[in-house]
Amino acid sequence: MISEEEYNELMAAYLEGQLSEDQVGGLHALVHSSDELRQRFQADTRTHVLLRETLVEQAELQLLQDSVAAPRPIQSLQRSSVLKISAAILLVAAGIGLLFWQSPSAETIGVCVNVSGSSNLSIERETEISRLMPETMLRTGDTIQCGADVRAMLRLTDGSILSMESDSAVTLVSSRPEIRLDRGEVMFEIAKRNEGALPFRVQTVESTVDVMGTVFGLADDGHTKLEVYEGKVTLTRHRDNATVEVGSQQTASTATEQLSVQELSQASRRIIQLVPDDDATLDQGLTEAKQPRLKVEGDRRIVYLKFVIPKINGLQSAKLRLTQDIDAGSGTLRFFIGEHTDWSEDSLRRQNAPGRTREVARYVGVVGRGQSVEVDIVEAIKSAGPVTLIVTLDETDENDIWFSSREGNNPPLLILTQ
Amino acid sequence: MDENSFQSFLNITENRSRIFAVIVAMVRDFEIGEELFQETVIEILRSEDRFDPSRSFMPWACGIARNVVQRYWRGQENAPTSGIGEMLSDLALVTAEGEADVWRRERSALRRCFQQLPQRMQDLLMLRYGHNIKGQDLADSVAIKAGSIRTTLLRLRGQLRSCIQNRVAQIGEANT
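Fair warning: this is a prediction, and the values are worked out from it, not measured in the lab.

Asks: An account of the sheet that holds strand β26 (residues 372-376) of chain A is needed here, citing residue identities and associated values.
Replies: Residue and element names in this part refer to chain A. Strand order in the open sheet formed by four strands is β18-β29-β23-β26, with antiparallel pairing between adjacent strands. The outermost strands of the open sheet, each flanked by one partner alone, are β18 (271-274) and β26. Between one strand and the next, the sheet's axes are offset by a mean angle of 20°, whatever the strand orientation. Sheet analysis places β18 next to strand β29 (residues 413-417), joined by four bridges and oriented antiparallel. From the neighbouring strand, isoleucine 271 faces β29, where its bridge partner is threonine 417.

What follows is the structure, given as C-alpha cells:
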C-alpha cells in the first residue's frame with residue numbers, strides 16, 4: 001500500500017521534471033492501481049497546467065500594464081503561452097487562407113535597451129511612426145530606424161542582441177526570430193539556439209543568413225556584406241541560391257560574382273567577448289559566489305568581477321555589459337578599477353577584497369526588467385592580464401538591482417573591439 | 001475558411017488546455033511544451049482532412065500531440081528510453097481524460113483561490129509558473145532552501161486543489 005508521503009514525493013518530482021526512470025515506472029503503476037489515485041493524478045496535473053496558463057497570462061498582463069504606465073522591457077527568455085498559442089493558431093489560420101480573420105495583436109519580441117546619440121530613432125508600427133525610447137517593448141512587424149547620429153541596442157526575447165549603427169533600419173519579421181535588415185549595418189550577437197530549434201534568420205534584399213548562435217556584422221548597401229567574428233553562419237544568395245558557410249574571422253559579400261569566403265583582413269574590426277573568470281557579491285562582508293545572480297545595493301552589496309584580458313593591439317572600446325535579472329531598481333551605478341586581482345570566487349572576503357581605485361564609468365537611472373546596462377570601461381584596460389572591476393549602487397533601502405552572474409542566463413560580458 | 005477548418009479551429013480552442021497538458025505531461029517543461037503545442041496546432045490544421053467528424057476530437061488531437069513529442073524526443077540526446085517514453089505518454093493521456101468543462105470551471109476557481117494565498121506564496125508561484133523559474137534559481141529568488149522548494153510547491157498546490165474543489169462544489173450546489 002502506497003503511503004500519502006510516497007505518492008506526494010513522486011508527484012512533486014514528476015511535476016518538476018525530476019523523476020528518475022525507475023520512478024516513472026513506479027508512478028505509472030500507481031496511477032493505474034486504483035480509480036482514486038488515477039483521479040488524484042488527474043487533479044494534480046490539472047492544477048499544475050492551469051497554474052501555468054493562468055499565471056503566465058497574469059505575468060503578461062503585468063508586463064503590458066507596466067509598458068503603458070512606464071515603458072519597461074520584457075523579461076528575457078520569457079514568452080507568453082497565451083500569445084504564442086494565439087499566434088500559432090492565428091498564423092496557421094492565415095496560412096490556410098482565412099482572409100477574413102484579422103491579424104492578432106503582434107507578439108512581443110524584444111526591447112530597446114540602449115540608445116546613444118542625438119538624432120532621431122524611430123519605430124514604425126502599423127503605419128504609425130513614433131520616437132523609440134529606451135525600454136520600449138518591440139513587437140513583430142515593427143521597423144526600427146536609426147538616424148544619422150544615433151545608435152541603438154535591441155535585446156530580443158531569445159537573448160540575442162542587435163547593435164544598430166547610424167543610418168540603419170531593421171524590421172522584426174517574426175518571433176522565430178526573423179529579422180529583415182532594410183539598410184545600413186547591424187552587429188548581431190545571437191544567443192545559442194536550443195537543439196532542434198530553427199536557426200535565427202536575417203533577411204536582406206539579396207540574401208538570407210541562418211545562424212545557431214554567434215557574433216557577426218551584416219551590412220546592406222545594395223549588396224550584403226557579412227563579417228563573422230565568432231562561430232559560423234550560413235549565407236544564401238537569393239538570385240542564384242548559392243550558399244556558403246562563413247566561419248569565425250571570415251567574410252563574404254554578395255557583390256562578387258562567385259559567392260566565396262575570405263579571411264577578415266587585419267584592418268577589419270575584431271571583437272572579443274569575455275565572460276569573467278570570477279564574479280561574486282560581497283553582502284555585508286559575506287561572499288555570495290557561484291550564484292546565478294550578482295547584487296548591488298549601497299554599502300551592503302558590492303559586486304566584484306575579474307576578467308583576464310588577452311593581448312590586443314589597438315583597442316578601440318571595452319564595453320562592460322550587465323543584464324538585470326529578477327530584481328529591478330534604480331540609482332547610480334558606479335564602476336571602479338580594483339586595486340588588485342589577488343582574489344577568486346572562493347577566496348573573496350571583506351578582509352582581502354580589493355579596494356576601489358579610479359571610477360571609470362557611471363550609469364544613472366532605472367534598470368528595468370531584462371534591461372542591459374552597457375558602459376565603456378576602456379580606461380580600465382591598460383595591458384594584457386587580469387583586471388578587477390567593482391560595481392556599486394548608490395541607493396539603499398531595498399532599492400537593489402540584481403544582475404545575471406557568469407553562472408546565470410545572461411552573464412556579464414566584456415566586449416573588446418580592436 | 002471552409003467549414004472543416006473552422007471546426008478544427010473551434011475544437012483546438014475548446015480543448016487547448018487538455019492538448020497542452022498532454023504535451024507538458026510528456027516533456028515536463030512548460031517552455032518546450034509551448035513550442036511543441038504550436039507545432040501540434042499546425043499539424044492538426046494540416047491534417048484536418050483526415051479527421052472523421054463523427055468521432056471524438058480529443059483522442060485524435062492527443063495522438064497528434066504524442067507524435068509531435070515523440071518526433072521531438074528523437075532529436076534529443078537525453079530523450080527517455082522507449083519503454084519510459086511509452087509510460088510518460090500513457091500518463092499524459094490520463095491527464096487529459098475528462099470533460100473540457102472541468103478545466104474551465106477549475107480555471108475560474110483557481111484565480112480566486114490564488115488571490116487568497118499570502119503574497120509571498122503568490123510571488124513564489126508567479127516565479128515558478130508565470131516565469132518558469134525552477135530549482136536553485138527559484139530558491140535564490142525567494143530565499144527558501146533549495147531542498148524545501150519542491151515540498152513548498154507541493155503544499156501550495158495541495159492548498160489550491162482543496163480550495164478549487166470547494167469552490168467548484170459550492171458553485172455546483174448553488175446551481176442545483
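There's plenty left to go through after this.
Asks: For the confidence of the model for chain B, give the residues involved together with the corresponding values.
Replies: All names here are of chain B. For chain B, per-residue confidence averages 86 on the pLDDT scale, and 94% of positions sit at 70 or higher. Looking at the elements of chain B, mean pLDDT is at its lowest for helix α1 (residues 3-14), recorded as 76, and at its highest for helix α2 (residues 16-27), recorded as 94. Scoring the predicted complex yields pTM 0.47 and, for the interface, ipTM 0.94.

Asks: So what about the interface of chain A and chain B? Which residues, and what values?
Replies: Counting residues at the interface gives 48 residues for chain A and 54 residues for chain B. When residues of the side of chain A that touches chain B are traced back to their parent elements, those giving at least two are α1 (4-15), α2 (21-31), α3 (35-69) and α4 (81-95) of chain A. Considering each element in turn, the side of chain A that touches chain B owes the most residues, 19 residues, to α3(A). The class makeup of the residues in the side of chain A that touches chain B is 22 nonpolar, 15 polar and 11 charged.

Asks: Kindly report on unusual backbone geometry, identifying the contributing residues and their values.
Replies: Cis rather than trans, the peptide bond between Arg176(A) and Pro177(A) has omega equal to 5°. Along the chain, Pro177(A) turns up in the loop between β8 (169-174) and β9 (178-189). Non-glycine residue Gln284(A) carries a positive phi angle of around 50°. Mapped onto the fold, Gln284(A) is located in the loop between β19 (278-283) and β20 (286-289). Residue classification places Gln284(A) among the exposed residues on the basis of 10 C-beta atoms within 10 Å. Even without a glycine there, the phi angle at Asn132(B) is positive, about 55°. Structurally, Asn132(B) can be placed in the loop between α7 (119-130) and α8 (135-142).

Asks: Now, about helix α6 (residues 100-115) of chain B: what can you tell me, with residues and values included?
Replies: Since one α-helical turn is 3.6 residues long, residues separated by three or four positions face the same way. When the terminal C-alpha atoms of α6(B) are compared, their 24 Å separation across 16 residues agrees well with the 22 Å that a helix rising 1.5 Å per residue should span. Listing the buried residues of α6(B) in full gives Trp103(B), Glu106(B), Ala109(B), Leu110(B), Cys113(B) and Phe114(B).

Asks: With reference to specific residues and values, describe the sheet that holds strand β24 (residues 329-338) of chain A.
Replies: Residue and element names in this part refer to chain A. Taken in spatial order, the six strands line up as β20-β19-β22-β27-β24-β25 in an open sheet, and their pairing is antiparallel. On the outer flanks of this sheet lie β20 and β25 (356-367), each paired with one strand and no other. Looking at each pair of strands side by side, their axes are set apart by 25° on average, direction ignored. Here four bridges tie β19 to β20, and the two strands are oriented antiparallel to one another. Bridge pairing links leucine 282 to threonine 287 in β20.

Asks: Kindly report on the packing of α2(B) against helix α3 (residues 30-46) of chain B, identifying the contributing residues and their values.
Replies: All names here are of chain B. Where α2 contacts α3, the two axes come as close as 9 Å, and the packing angle between them is 130°. By the angle class used here, α2 and α3 are oblique. Every pair of crossing elements has a handedness; the one defined by α2 and α3 is right-handed. Residue-level inspection shows Ile19, Phe20, Ile23, Val24 and Val27 of α2 in contact with α3, the latter providing Phe30, Ile32, Gly33, Leu36, Phe37 and Thr40.

Asks: Can you break down α8(B) residue by residue, with the values?
Replies: Residue and element names in this part refer to chain B. Within the span of α8, buried status applies to Asp137, Leu138 and Ser141. The buried side chains of α8 occupy one side of the element, clustering within an arc of 95° when seen end-on. Looking at the residues trailing α8, positive phi occurs at alanine 143, about 55°.

Asks: Which residues make up the nonpolar core, and what are the values?
Replies: Residues Ile19(B), Val22(B), Ile23(B), Val24(B), Met26(B), Ala65(B) and Leu110(B) are the most contacted members of the largest nonpolar core, which totals 55 residues. A per-element tally of this core places α2(B) first, with nine residues. For Ala65(B), the residues in contact, after removing those within four places along its chain, are Ile19(B), Val22(B), Ile23(B) and Thr40(B). One finds Leu181(A), Phe188(A), Ile190(A) and Tyr229(A) within the second-largest nonpolar core, a separate group that totals 43 residues.

Rules behind the numbers
- Residues numbered from 1 in each chain as written.
- Chains lettered and ligands numbered in written order.
- Predicted model: local features only at pLDDT ≥ 70, side-chain atom pairs only at ≥ 80, totals over all residues.
- Pairing = 2+ DSSP bridges.
- Helix = DSSP H or I, 4+ residues; strand = E, 2+ residues; numbered from the N terminus.
- Axes fitted to C-alpha atoms, helices over the stretch in contact; angles between N-to-C directions.
- pLDDT = per-residue confidence, 0-100.
- Contact = placed C-beta atoms within 7 Å.
- Nonpolar A, V, L, I, M, F, W, Y, C, P; charged D, E, K, R; others polar.
- Buried ≥ 20, exposed ≤ 12 C-beta atoms within 10 Å, placed from the backbone.
- Expected span 1.5 Å × (residues − 1).
- Parallel < 35°, antiparallel > 145°, perpendicular 65-115°, else oblique.
- Left-handed = near helix turned anticlockwise from the far one by under 90°.
- Arc of directions from axis to C-beta.
- Core = buried A, V, L, I, M, F, W, Y, C linked by C-beta atoms within 7 Å.

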